[in-house]
Structures are given as structure tokens and as C-alpha cells.
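Chain by chain, the residues:
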Amino acid sequence: METQDTRPATADFGFARVAQDEKAPLVADVFRSVARRYDLMNDLMSMGGHRLWKDFLISRSAVRPGQQVLDVAAGTGDLTRRFADEVGERGRVVAIDINPEMLGLGRTRLVDGGVVGNVDYLIGDAENLPLRDRQFDCVCIAFGLRNVTRITSALESMASMLRPGGRLLVLEFSRPQADFLARCYDFYSFNVIPRLGKIVAGDEASYRYLVESIRRHPDPQTLKDMMQASGLDDVGYHNLSGGIVVLHCGFRY
Ligand SMILES: C[S@@+](CC[C@H](N)C(=O)[O-])C[C@H]1O[C@@H](n2cnc3c(N)ncnc32)[C@H](O)[C@@H]1O
């Protein structure tokens, strides 16, 4: 006789397994806690590298003046600002994030920097984007996908936002391929980053989550397969900094 599995669905939260419903509130706690020190920590942890990875994403976006861009999990708005420059006055960028603290800091930062008029800010979940389908030339998610509970739902929701010919860009941490670099990276990740988080942001646990969540994120080939299964075509990826970060790109036709 077949028995039905009545256990609740689970998700990774770093190295822990939690009930699916518990993950989003736990992730929200992480970003609420680190929001104020988020930009400084990014510069320190990556030694400025995140700026180059984001510049590379912009170069691969091929976004032009007048276009519409959706920046999912926009956080403090690094990519929103870059895209706002690319699309110019006639274009539009929508910055969406589930966390009001992160997005609020981003908005203040951009407005203080004179970026006004072509950016809209929205609170929402990547898994169920509260926007009309097929209106964006480019959708991106940078360092956000490993934080969502159901990656497939997020990929499908983001793909549905694209106009025919539009592209989805996913920038995310991964693991270096070269053995020696991978060992150095592991040492740095598990020994230096949580301590830095404790000193700079007063929060070791959130930076331990960051390091662990990277290890639980799908490898580049698996993510490519997931993007294809979500209805995207011509999916490819670039390894950056020896594979520490990967940029995936896929199109909707
Ligand atoms: C590491 S930050 C990245 C911020 C920004 N994209 C960047 O590259 O600096 C991750 C962001 O994902 C957001 N986030 C987490 N889960 C989300 C979800 N389900 N939907 C939308 N945003 C989410 C967090 O609130 C946080 O602002």
C-alpha cells in the first residue's frame, strides 16, 4: 500500500534544512541586520571585486537608451544606478526587493546621488513578481537568487517579465574550479568573512549564512539547465575571477 509523504517541504538555509515557509523570514532577518553595513562589507569582502563583476553584467546586458529594465533583489541599488545611467531619461528601471530596509537605503542613496526620474521602487518577491508580463527588455538578479526559497519559481517569474528577445542575467557566487584556488577560497570564506562580519557589521551569523548559502547554490551547469527548463533559450554562462562568481545569461523569444 502506498503511503503519502506528509512531511512539510523543506529548503536550505545555509547548511541548515528548514521548513519552506521558514526560509523567507530567516533571510529577511539576515538582510535587516546587515543592511546598514551592507555596502561597506561588500567592498571589504570582495576587495572591490563586486564593482567589476557588476560592470561586467552591465556590459553583457546590451541595454540601450529608452529601454525598460527590472532589477530583482535590487538591495541597495548598485545595479539600479548603473542601469539608470544606461537607459537615460526616456527609459525606466524598476528596482524590486522583498526587504524594505535594503530597498529604502538604496532609494535614499540613489536620490542623494541625483538619480531621479527614471527609477521606480517596489517591494515584492522574486518568486511572484507583482508586475505585468512581457514589459522588460532586460531582467537581472545579482547575488539574490540563492536567497529565494524556490529558485524555479523565481526563474519562471523573471522569465515571464521579458519581452520577446529580452534577456535575463543572473549574477551569483559559485565555487572556483581550480583546486588550489578553491581551497584558498574556502579558507577565506569560513575563517575570514564571518569574523569580518562580526567586527564591521556586528553580525557573525549572517555572514556565516552568506558563506554557507553559496555552497548550497546550484552549480553553473545545473543553473543553466534550470534556466532552460524555465523557458529561456540560448542560455550560457561566464566564470568570473576563476569561478568565484558566475554570470548566466538567457533569452526569451
Ligand atoms: C546580497 S543582496 C544583493 C543586492 C544587490 N542586488 C547587489 O548586488 O548588491 C540580496 C538581496 O536579495 C533580497 N531578497 C532576498 N530574497 C528575496 C526575494 N524572495 N525576492 C526579492 N528579493 C529578495 C534581499 O532582501 C537582499 O536585498
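The structure this text deals with has already been given above.
Draft legend 1. Spotlight on the overall build of the protein. Per the secondary structure count, the protein includes nine helices and nine strands. In terms of overall dimensions, the protein is globule-like: its C-alpha atoms have a radius of gyration of 18 Å, near the 18 Å expected for 253 residues. Projecting the C-alpha coordinates of the protein onto the three principal axes gives extents of approximately 55 × 50 × 35 Å. Out of the 253 residues belonging to the protein, those deemed buried represent 52%. With the model as given, the accessible surface of the protein reaches about 12300 Å², and the carbon-plus-sulfur share is 51%. Of the charged side chains in the protein, 31 are positive and 33 negative; the average position of the first set lies 3 Å away from that of the second.

Draft legend 2. Region of the structure containing the side chain of His 248. The residue His 248 is located in strand β9 (residues 245-251) in this model. Judged by relative accessible area, His 248 falls into the buried class, the value being 2%. From its side chain, His 248 meets the backbone oxygen of Pro 220 in a polar contact 2.9 Å long. Beyond its immediate chain neighbours, meaning those up to four positions away, His 248 contacts Leu 168, Leu 169, Val 170, Pro 220, Leu 223, Lys 224, Met 227, Gly 236 and Tyr 237.

Draft legend 3. Region of interest: the pattern of salt bridges. Evaluated as defined, the whole model comprises 16 salt bridges. The partner of Asp 29 in a salt bridge is Arg 32, with the nearest N and O atoms 2.8 Å apart. Taken together, the residues Asp 29 and Arg 32, both in helix α1 (residues 20-34) and three residues apart, mark about one turn of the helix. Residue class for Asp 29 comes out partly exposed when judged on its relative accessible area of 41%. Note that Glu 172 is salt-bridged to Arg 146, the shortest N-O span being 2.6 Å.

Draft legend 4. Fine view of the site of the ligand. The full set close to the ligand counts 18 residues, and Ala 73, Asp 97, Asp 125, Ala 126 and Ala 142 are the nearest of them. Asp 97 is positioned such that a nitrogen or oxygen atom in its side chain is 2.6 Å from an oxygen atom of the ligand. Between Ile 98 and the ligand, the recorded distance is 3.3 Å, taken from a backbone N or O atom to a nitrogen atom. When isolated, the ligand has an accessible area of 590 Å², and the protein chains bury 96% of it. Class assignment for the residues of the shell around the ligand results in eleven nonpolar, four polar and three charged.

Draft legend 5. The arrangement of the nonpolar core in detail. In terms of nonpolar packing, the biggest core is built from 50 residues, with Trp 53, Leu 57, Phe 83, Leu 171, Phe 173, Tyr 207 and Val 245 touching the most fellow members. Of the residues forming this core, the biggest block, five residues, is contributed by helix α8 (residues 204-216). The residues touching Val 245, leaving out its near neighbours within four places in the chain, are Trp 53, Phe 143, Leu 171, Glu 172, Phe 173, Ser 174, His 238, Asn 239 and Leu 240. In terms of nonpolar packing, the next biggest core, distinct from the first, is built from 24 residues, Val 139, Met 158, Leu 162 and Val 235 among them.

Draft legend 6. View of α8. Taking 1.5 Å per residue as the helical rise, α8 with its 13 residues ought to reach 18 Å, and the 19 Å between its terminal C-alpha atoms agrees with that figure. Among all positions of α8, only Ser 206, Tyr 207, Tyr 209, Leu 210, Val 211, Glu 212, Ser 213, Ile 214 and Arg 215 are buried. Looking at the buried side of α8, the elements it contacts are β1 (10-13), α1, α2 (38-46), β7 (162-173) and α7 (179-201).

Draft legend 7. The environment of Arg 107, seen in detail. Along the chain, the position of Arg 107 falls in helix α5 (residues 100-112). Separated by 32 residues in sequence, Arg 107 and Gly 75 place their C-alpha atoms 9.3 Å apart.

Draft legend 8. Layout of the pairing of β9. Counting buried positions over the seven residues of β9 gives seven, a clear majority of the element. Along β9, one buried face is formed by Val 245, Leu 247, Cys 249 and Phe 251 and the opposite face, lined by Val 246, His 248 and Gly 250, is buried too. Pairing of β7 with β9, which is carried by seven bridges, proceeds in the antiparallel orientation. Across the sheet, Arg 167 pairs through a bridge with Phe 251, a residue of β9. Strand direction decides the pairing type here: strand β8 (residues 233-240) and β9, joined by six bridges, are antiparallel.

Draft legend 9. Quick peek at the sheet that holds β9. Taken in spatial order, the seven strands line up as β5-β4-β3-β6-β7-β9-β8 in an open sheet, and their pairing is mixed. Every other strand in the sheet has two partners, leaving β5 (119-123) and β8 as the edge strands with one partner each. Going from strand to strand, the sheet's axes swing by 15° on average, the running direction of each strand aside. The sheet contact formed by strand β6 (residues 136-142) and β7 spans six bridges and is parallel. The residue of β7 that forms the bridge with Ala 142 is Leu 171.

Cut-offs applied
Residues numbered from 1 in each chain as written. Predicted model: local features only at pLDDT ≥ 70, side-chain atom pairs only at ≥ 80, totals over all residues. Heavy atoms only, no water. Helix = DSSP H or I, 4+ residues; strand = E, 2+ residues; numbered from the N terminus. Rg over C-alpha atoms; globule rule 2.2 N^0.38 Å. Buried < 20%, exposed > 50% of the residue type's maximum accessible area, 1.4 Å probe, protein only. Areas by Shrake-Rupley, 256 points an atom, 1.4 Å probe, with all protein chains shown as cover. Lys, Arg positive; Asp, Glu negative; His and termini not counted. Charge placed at Lys NZ, Arg CZ, Asp CG, Glu CD. Polar contact = N/O pair within 3.5 Å; in protein donor to acceptor, adjacent residues only side chain to side chain. Contact = heavy atoms within 4.5 Å. Salt bridge = Lys/Arg side-chain N within 4 Å of Asp/Glu carboxyl O. Near = heavy atom within 4 Å. Nonpolar A, V, L, I, M, F, W, Y, C, P; charged D, E, K, R; others polar. Core = buried A, V, L, I, M, F, W, Y, C linked by side-chain atoms within 4.5 Å. Expected span 1.5 Å × (residues − 1). Pairing = 2+ DSSP bridges. Axes fitted to C-alpha atoms, helices over the stretch in contact; angles between N-to-C directions.

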